[in-house]
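# Coordinate inspection notes
Here is how the chains run, residue by residue.
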Amino acid sequence: MRPTALLSRPGPAPAAPPVARRRRRIGRRRGLVAAAVVLNQLAYGSVYSWSILSAGLQAPGSSFALGRDEAGLPFAAAHALVFLGTVLGGLLMSRRPPRGIAVLAGLLYAGGFLIAGCAQGRGDFWLVLLGYGVVSGVGLGLGYIVPTTMLQRWFPGHRALAAGVATGGFGLGSVLSAPLMRLLVAHFAANPARVLLVLGGLFLVTTLTGAAFFRDPPRPVALPTQGAPRGYRPAQALRTRQWYLLTLILFFNTAAGISMLSVVAPAAGSLTGLSPTLAAALTGALGVFNTVGRPLWGWLSGRTGLMNAFVMMLASQGLCLMALSQVTSPALFFPLAALVCLSFGGGFATMPAVASEFFGLAHAGAVYGLMLIGWSLAGIAGPLLVAQLAARASYGTAFLALGAVTVLAATLPRLISAPRAPRTAV
């Protein structure tokens, strides 16, 4: 009998190298953190749906029956104080893990809604001012800056795209909250403040759930890209001319978009004869373009260069606004307004990447948080100036003036180059 050759049993498959396993693990964490950021940011984007609640507060049948100026005060106060939140968040990001800061932001933002929702009528309007305007305003700034900075640390080679994803969640929140807020305002017509009570409870869940997954990446992932300055502290950044020019660019980019959005419904009706129902639908559709513009320009700026991207964004905003001043057809009004919103959203994706490229990732949150004073000022001054021009002349005149200024601002990115590394790098 011939001996049978014994076949050796195959051994276990060779284990993946430690570096490969670590990369896969980091890749899964990146996806989880990015999803958590989008979920967390949905609540904060609802700030752009304030006009819906404002209309409810102005309705003669409500327990508030506010005037137009009064109804705009909580929104103006929130925008004024958002800067305080971004500065506080940026400073804390340099010292504390992001999860605890994001939890604090969610508690402040949702807590402010809950405070405002306790108002019974006009005599309690101070609760809306305190809750929505002050407490939620600070929470908004704090909640915006943390994920925008953290996600760049996870994607140091794609900073603009990472910021685009984070701010895209913010924009998506404005799109999703608008129809929900319309339903709630119709349901609580007698006391629209109750809308804030419902939203506060919902936002408490979404912000804290997203924040639970926030964490800084392993140190090798968080290192800045080669050649970028590493150590500008906020005080050092404020001594550079680049910081002021970048803040000015952010101001003009924001003013162009938010000023148009603040009057787009009545302007569309005045310039093109669009009905109020279609004008309201147009406003909701433009929120989609504001959202899409954030990851889109985050991706594009990685190919065109960050400063070139801002030239294109400001120039397109300005030219479209000037064209809108002459438009009489709804078919032309919508695409021009959509392009303005694409670039408006894109500025919030691109500027955080510029801040980290110019001043380094170590204190990017604090440096960019200070820059957001441009957002606050634009959110207050831009709509007021456009409304005054429209009242004294026409919406066409207001868009023409705003567009001309924005086109001139497109020259600013050409005046900026990255600063030298600070003498005392950190």
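From a predicted model like this one, the values you see are computed outputs, not experimental measurements.

## A short note on the packing of aromatic side chains
Going through the model one piece at a time under the given rule, you end up with 18 aromatic pairs. With centroids separated by 5.7 Å and ring planes inclined at 75°, the aromatic side chains of Phe344 and Phe348 adopt a geometry described as edge-to-face. With Phe344 and Phe348 both in helix α14 (residues 330-359), this residue pair falls 4 residues apart, about one helical turn. Residue Phe344 is classed as buried on the basis of its relative accessible area, which comes to 0%. Three or more aromatic residues joined by ring pairs form one cluster here, namely Tyr44, Trp50, Tyr109, Phe113, Tyr132 and Phe203. Taking NZ or CZ as reference, Arg30 lies 5.0 Å from the ring centre of Phe155, over its face.

## A look at the packing of helix α12 (residues 276-304) against α14
Where α12 contacts α14, the axes come no closer than 6 Å and their chain directions differ by 45°. With respect to α14, the axis of α12 lies oblique. Relative to α14, the crossing made by α12 is right-handed. Residue classes in the contact of α12 with α14 are distributed as 16 nonpolar, 8 polar and 1 charged.

## Some remarks on a nonpolar patch on the surface
Residues Leu161, Val288, Val292, Leu296 and Trp299 make up a contiguous nonpolar surface patch of about 370 Å² in total accessible area. No other element matches α12, which puts 4 residues into the nonpolar patch. Relative to the helices and strands, Trp299 resides in helix α12. On the basis of relative accessible area, Trp299 is assigned to the partly exposed category, the value being 39%.

## Some words on the environment of Ala410
Relative to the elements of secondary structure, Ala410 occurs in the segment after α17 (395-409). Considering only alpha carbons, one finds Ala410 and Met312, 98 residues apart in sequence, at a separation of 7.5 Å. For Ala410, the residues in contact, after removing those within four places along its chain, are Val311, Leu314 and Ala315.

## A short note on helix α16 (residues 373-392)
Three or four residues apart is the spacing at which side chains of an α-helix point the same way, because the helix has 3.6 residues per turn. With 20 residues, α16 extends 28 Å between its outermost C-alpha atoms, agreeing within 8% with the 28 Å of an ideal straight helix rising 1.5 Å per residue. For α16, the principal kink sits at Gly379 and spans about 25°; a proline, Pro383, occurs within the next four residues.

## Some remarks on the packing of helix α7 (residues 159-187) against helix α8 (residues 194-211)
Two numbers describe how α7 lies on α8: the axes approach to 9 Å, and their chain directions differ by 140°. One way to sum up the angle between α7 and α8 is to call them oblique. Contact residues: Leu180, Met181, Leu184 and Val185 in α7; Val195, Val198, Leu199 and Leu202 in α8.

## With respect to the pattern of salt bridges
In a structure, side chains of opposite charge can pair up when their charged atoms sit close to one another. Applying the stated criterion to the full structure yields 2 salt bridges. For Glu70, the salt bridge identified is with Arg122, shortest N-O distance 2.9 Å. On the criterion of sequence distance, the pair formed by Glu70 in helix α3 (residues 68-71) and Arg122 in the loop between α5 (98-116) and α6 (125-154) is long-range, its members being 52 residues apart. Note that Asp216 and Arg153 form a salt bridge whose closest N and O atoms lie 2.9 Å from each other. Here the residue Asp216 occupies a position in the loop between α8 and α9 (219-222), and Arg153 occupies one in helix α6, the gap between them amounting to 63 residues. What makes Arg153 buried here is its relative accessible area of 10%.

What counts and what doesn't
- Residues numbered from 1 in each chain as written.
- Predicted model: local features only at pLDDT ≥ 70, side-chain atom pairs only at ≥ 80, totals over all residues.
- Heavy atoms only, no water.
- Phe/Tyr/Trp six-rings, centres within 6.5 Å; stacked < 30°, edge-to-face > 60°.
- Helix = DSSP H or I, 4+ residues; strand = E, 2+ residues; numbered from the N terminus.
- Buried < 20%, exposed > 50% of the residue type's maximum accessible area, 1.4 Å probe, protein only.
- Lys NZ or Arg CZ within 6 Å of the ring centre and 35° of its normal.
- Axes fitted to C-alpha atoms, helices over the stretch in contact; angles between N-to-C directions.
- Parallel < 35°, antiparallel > 145°, perpendicular 65-115°, else oblique.
- Left-handed = near helix turned anticlockwise from the far one by under 90°.
- Nonpolar A, V, L, I, M, F, W, Y, C, P; charged D, E, K, R; others polar.
- Patch = residues over 30% accessible without salt bridge, like charges linked within 9 Å, V, L, I, M, F, W, Y side chains within 5 Å.
- Areas by Shrake-Rupley, 256 points an atom, 1.4 Å probe, with all protein chains shown as cover.
- Salt bridge = Lys/Arg side-chain N within 4 Å of Asp/Glu carboxyl O.
- Contact = heavy atoms within 4.5 Å.
- Expected span 1.5 Å × (residues − 1).
- Bend = angle between axes of the 7 residues up to and from the residue.

In short, shape yes, function no, at least from these values alone.
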